[in-house]
Amino acid sequence: MSEPAPEPAPEPTAGPVPSRRDELHRRLLEWYDESARDLPWREPSASPWAVLVSELMLQQTPVARVLPVYEEWLRRWPTPADLAAAPSGEAVRAWGRLGYPRRALRLHAAAVAIVERHGGEVPDSHDDLLALPGVGDYTAAAVASFAFRRRHAVLDTNVRRVLARTARGVELPGPSVTRAERELAESLLPEDAATAAAWAVATMELGALVCVAAAPRCARCPVLDLCAWRAAGYPSYDGPVRRAQAYEGTDRQCRGRLLAALRDSDGPVHRSVLEATWPTAAQREHCLAWLVEDGLVVRVGEDVYALP
């Protein structure tokens with residue numbers, strides 16, 4: 001049997017007509033109910049704090065790497081007050097090798113702010129969440145949506161890619177969120193707040209499991225016949241060049257080595273120990289100074305360093 005004729009691609013900034021919008025909602029929400037991964041931060045029992053912790057940990061980090069750190073983190077610090085009472089260096093130590101360790105300091109600072117400003121309870125409004133240290137627009141929308149079932153457009157990388165393909169007919173979104181892109185996402189939100197929250201996590205899951213960046217699994221897509229990118233013949237991305245981030249030999253790798261030496265120590269570390277972690281002296285000193293400036297490392301004596 002031949003495939004049905006594809007629908008024409010809509011204009012890039014236009015939302016779908018209501019009937020198509022409703023069908024997108026129905027199919028994707030049904031797919032999510034059947035196919036969603038069982039993740040602890042999605043459990044009904046997950047606290048708003050657990051959702052906030054997961055969102056900061058998941059930034060630029062795969063789920064498989066986050067899970068063990070997340071579980072140990074919440075075992076140790078099940079509430080914002082528990083983390084706020086601990087030294088920030090312990091947060092950096094517990095962050096382990098998740099990468100981008102400034103997120104650990106930001107999460108600690110957010111815990112302190114939650115205790116000081118909100119009586120130890122994660123706030124439920126987007127504005128109050130956005131005012132927390134280290135919380136940007138995406139994280140504020142995600143926590144408000146997933147923890148409190150508020151109606152917000154949640155635009156992470158996966159969601160942006162799903163909407164770019166299904167609604168705009170392009171392979172990938174641009175480097176940063178545009179006003180037109182945000183308006184499109186808001187036009188697609190179901191009116192009911194709880195359903196909108198479910199739609200947000202469903203589109204995110206579709207992008208993570210099916211509508212992936214490279215080699216998307218279109219045959220498994222629940223909205224394949226509604227996809228504007230398919231209808232347009234799968235045109236290739238023609239925006240700004242996307243360069244993969246190198247790691248080997250970079251400052252990021254050097255900083256990671258230095259932090260690992262400090263995390264693995266029970267106390268302050270002499271410079272000689274840090275010197276053994278990286279062969280290039282100039283790069284090592286630059287990265288050590290950078291870590292001190294970021295507050296991830298403190299100098300506690302002549303040639304002696306520690307976590308904060």
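See above for the structure.
Residues numbered from 1 in each chain as written. Predicted model: local features only at pLDDT ≥ 70, side-chain atom pairs only at ≥ 80, totals over all residues. Heavy atoms only, no water.

### Some remarks on unusual backbone geometry
How we decide: Under the DSSP-based scheme used, a helix requires at least four consecutive residues in state H or I and a strand at least two consecutive residues in state E, with every element numbered from the N terminus. To sort residues, take the accessible area from a 1.4 Å probe on protein chains only and compare it with the maximum for the residue type: under 20% means buried, over 50% means exposed, and anything in between is partly exposed.
Phi is positive for Ala-215, which is not a glycine, with a value near 50°. Position of Ala-215 among the secondary structure elements: in the loop between helix 11 (193-209) and helix 12 (228-231). Judged by relative accessible area, Ala-215 falls into the exposed class, the value being 63%. For Asp-303, which is not a glycine, the phi torsion comes out positive at approximately 65°. Tracing the backbone through its elements, the reader meets Asp-303 in the loop between strand 2 (298-301) and strand 3 (304-306).

### Notes on the pattern of salt bridges
Where we set the bar: Here a salt bridge means any side-chain nitrogen of Lys or Arg lying within 4 Å of a carboxyl oxygen belonging to Asp or Glu.
One pass over the full model with this rule turns up 21 salt bridges. For Arg-284, the salt bridge goes to Glu-285, with nearest N and O atoms at 3.8 Å. One continuous salt-bridge network, built from bridges that share partners, spans Glu-23, Arg-26, Arg-27, Glu-30 and Asp-225.

### Comments concerning helix 6 (residues 102-118)
The line we're drawing: To estimate the expected span of a helix, count its residues, drop one, and scale the result by 1.5 Å.
Between the first and last C-alpha of helix 6 there are 23 Å, a value that for 17 residues agrees with the 24 Å anticipated at 1.5 Å per step. Those residues of helix 6 not exposed but buried are Arg-103, Ala-104, Leu-105, Leu-107, His-108, Ala-110, Ala-111, Ala-113 and Ile-114. Positive phi appears at Gly-119, one or two residues downstream of helix 6, with a value of about 60°.

### Here's the deal with the nonpolar core
Keep this limit in mind: The criterion is simple. A nonpolar core is a set of buried Ala, Val, Leu, Ile, Met, Phe, Trp, Tyr and Cys residues joined through side-chain atoms within 4.5 Å. Any two residues having at least one pair of non-hydrogen atoms within 4.5 Å are treated as being in contact.
Judged by nonpolar contacts, the single largest core of 81 residues is most densely connected at Trp-49, Met-57, Trp-73 and Leu-107. Excluding residues within four positions of it along the chain, Leu-107 makes contact with Trp-49, Leu-52, Val-53, Leu-56, Trp-73, Leu-83 and Trp-95.

### Some points on the packing of helix 2 (residues 48-58) against helix 6
For clarity, the threshold we go by: Comment: axis = line fitted to C-alpha atoms, over the contacting stretch for helices; angle = value between 0 and 180 degrees taken between N-to-C directions. For classification purposes, an angle smaller than 35 degrees is called roughly parallel, one larger than 145 roughly antiparallel, one from 65 to 115 roughly perpendicular, and anything else oblique. Two helices crossing with the near one rotated counterclockwise from the far one by less than a right angle form a left-handed crossing, whereas a clockwise rotation gives a right-handed crossing.
Where helix 2 meets helix 6, the closest approach of the two axes is 10 Å, and the angle between their N-to-C directions is 155°. Our classification of the angle between helix 2 and helix 6 gives roughly antiparallel. Between helix 2 and helix 6 the crossing geometry is right-handed. Where helix 2 abuts helix 6, its residues Trp-49, Leu-52, Val-53, Leu-56, Met-57 and Leu-58 lie against Arg-103, Leu-107, Ala-111 and Ile-114.

### Points about the sheet that holds strand 3
Applicable threshold: By definition, two strands form a pair when at least two bridges between them are found by DSSP.
Strands sit in the order 1-3-2 across an open sheet of three strands; the sheet is antiparallel. Bordering the open sheet on either side are strand 1 (269-270) and strand 2, each of which pairs with just one other strand. Here strand 1 pairs with strand 3 via two bridges, running antiparallel. By the bridge assignment, His-270 is partnered in strand 3 with Val-304.

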